[in-house]
Amino acid sequence: MKSKRLMALIAAGVMSVGMLAGCGSSGSNTDSGSAASTGDAGKKGTMTLVMSTRDDFLSTLESAALAYAEETGYKLTSQDAQNDAAKQIQYVETAVNGGDAAVIVNPVDSDAAQSVVDAAGDTPIVFVNRAPTDMHVLDPENVGFCGSDEDTSGYFQGEYLAEYFKSKGQTEIKYILLQGELGQISQIKRCAGVLKALEDNGIKATSVVDLAGKYDRAEAMNKIAPVLTSGQEFDCIISNNDSMALGAIEACEAANVDPSAFPIVGIDCTRDGAQAVSEGKMAMTVYQNPLGQGRGAIQAALNLIEGKAANENTEFIKDESGESYSDSIVWIAFEPVTKDNVADYL
């Protein structure tokens, strides 16, 4: 896989700062960029990465950004907004006032992207992982985005489920849906994508219940547990991410329900998610590349600093939509992961 080759190329650099990011979503707002000041880092200037929070996926993204910034000669400081949109804007303003060459933001609130852009002023800014709800805030000279096309993530889930059920001669299914943070662009598009793929492939899908699991393992486990013991029939569990899918698996096991008896599908291909696929507890997941997103965000920022389009001369995918903001986007491909290829992701 292309992204797996990329992972191998930059793994050594990521490991050099990986321990900095492993402080969890409840970590304090410490300067995680201190290790990026070694070697030539800082000779070309400084940048700030403002995270919405830190979980396993975002911490890996953060580590990749820190490693690549050091490689390019920039000192990157990382801050954790702890899911506080106002605090995130304060960090952006502090970075700008401190003379940073660029700011990279994993937005707390995708709907409020314009406020982040306004806070950055003339300083180049790159949104990473979570796209602005209105992509028109992107600007070819100053505002970029690096992430994965959420229109495809849920679609991969739906294609897998359609093939699974059609192989059993089944064209009507009932599903349980575990949703992420309601209203986030990822939640909206992942839900829409899986349902569209099912419809496109001739499957009539009816919801048993839609649950707001907030992308959290424990939350999903608590929400789905009563459904499993309610006697309601369902054919599969669709989850907007691996953490919630793993929570569903734990809930099934606690209720003496075999999680391998029906498909449970996730997104992100975290380490635990890939292990669950390997063990047959999760049917499939969709790999989202945090290493590529961290590296790509730095590449986009460097391009903007140099007065180039955000996606110029990157190793990733250019946007082909033809929209006015196409040159501001660096796409990192999603990849479907099943038991057939999961060994490549472990």
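Okay, so let's go over this structure. (Residues numbered from 1 in each chain as written. Predicted model: local features only at pLDDT ≥ 70, side-chain atom pairs only at ≥ 80, totals over all residues. Heavy atoms only, no water.)

1. Notes on the packing of aromatic side chains
- Considering all chains together, one arrives at five aromatic pairs under this definition.
- Between Phe 145 and Trp 331, the ring centres sit 5.9 Å apart and the planes meet at 80°, which makes this aromatic pair edge-to-face. Of the two residues, Phe 145 is situated in strand β5 (residues 143-147) and Trp 331 in strand β12 (residues 329-331); the sequence distance between them amounts to 186 residues. Of the two residues, Phe 145 and Trp 331, neither departs from the other in class, the shared state being buried.
- Through successive ring pairs, a cluster of aromatic residues spans Tyr 160, Tyr 164 and Phe 165. (Phe/Tyr/Trp six-rings, centres within 6.5 Å; stacked < 30°, edge-to-face > 60°. Helix = DSSP H or I, 4+ residues; strand = E, 2+ residues; numbered from the N terminus. Buried < 20%, exposed > 50% of the residue type's maximum accessible area, 1.4 Å probe, protein only.)

2. Focus on the side chain of Glu 335
- Within the element layout of this structure, Glu 335 appears in strand β13 (residues 335-338).
- Judged by relative accessible area, Glu 335 falls into the buried class, the value being 9%.
- A polar atom in the side chain of Glu 335 sits 2.5 Å from the side chain of Tyr 345. (Polar contact = N/O pair within 3.5 Å; in protein donor to acceptor, adjacent residues only side chain to side chain.)

3. Looking at the packing of helix α5 (residues 150-166) against helix α6 (residues 185-200)
- In the contact formed by α5 and α6, the axes pass within 6 Å of each other and the chain directions differ by 35°. In terms of crossing hand, the pair formed by α5 and α6 is right-handed. For the pair α5 and α6, the contacting residues are Glu 150, Asp 151, Ser 153, Gly 154, Tyr 155, Gln 157, Gly 158, Glu 159, Leu 161 and Ala 162 in the first and Ser 186, Lys 189, Arg 190, Gly 193, Val 194, Lys 196, Ala 197, Leu 198 and Asp 200 in the second.
- Here the contact of α5 with α6 is composed, by residue class, of six nonpolar, six polar and seven charged. (Axes fitted to C-alpha atoms, helices over the stretch in contact; angles between N-to-C directions. Left-handed = near helix turned anticlockwise from the far one by under 90°. Contact = heavy atoms within 4.5 Å. Nonpolar A, V, L, I, M, F, W, Y, C, P; charged D, E, K, R; others polar.)

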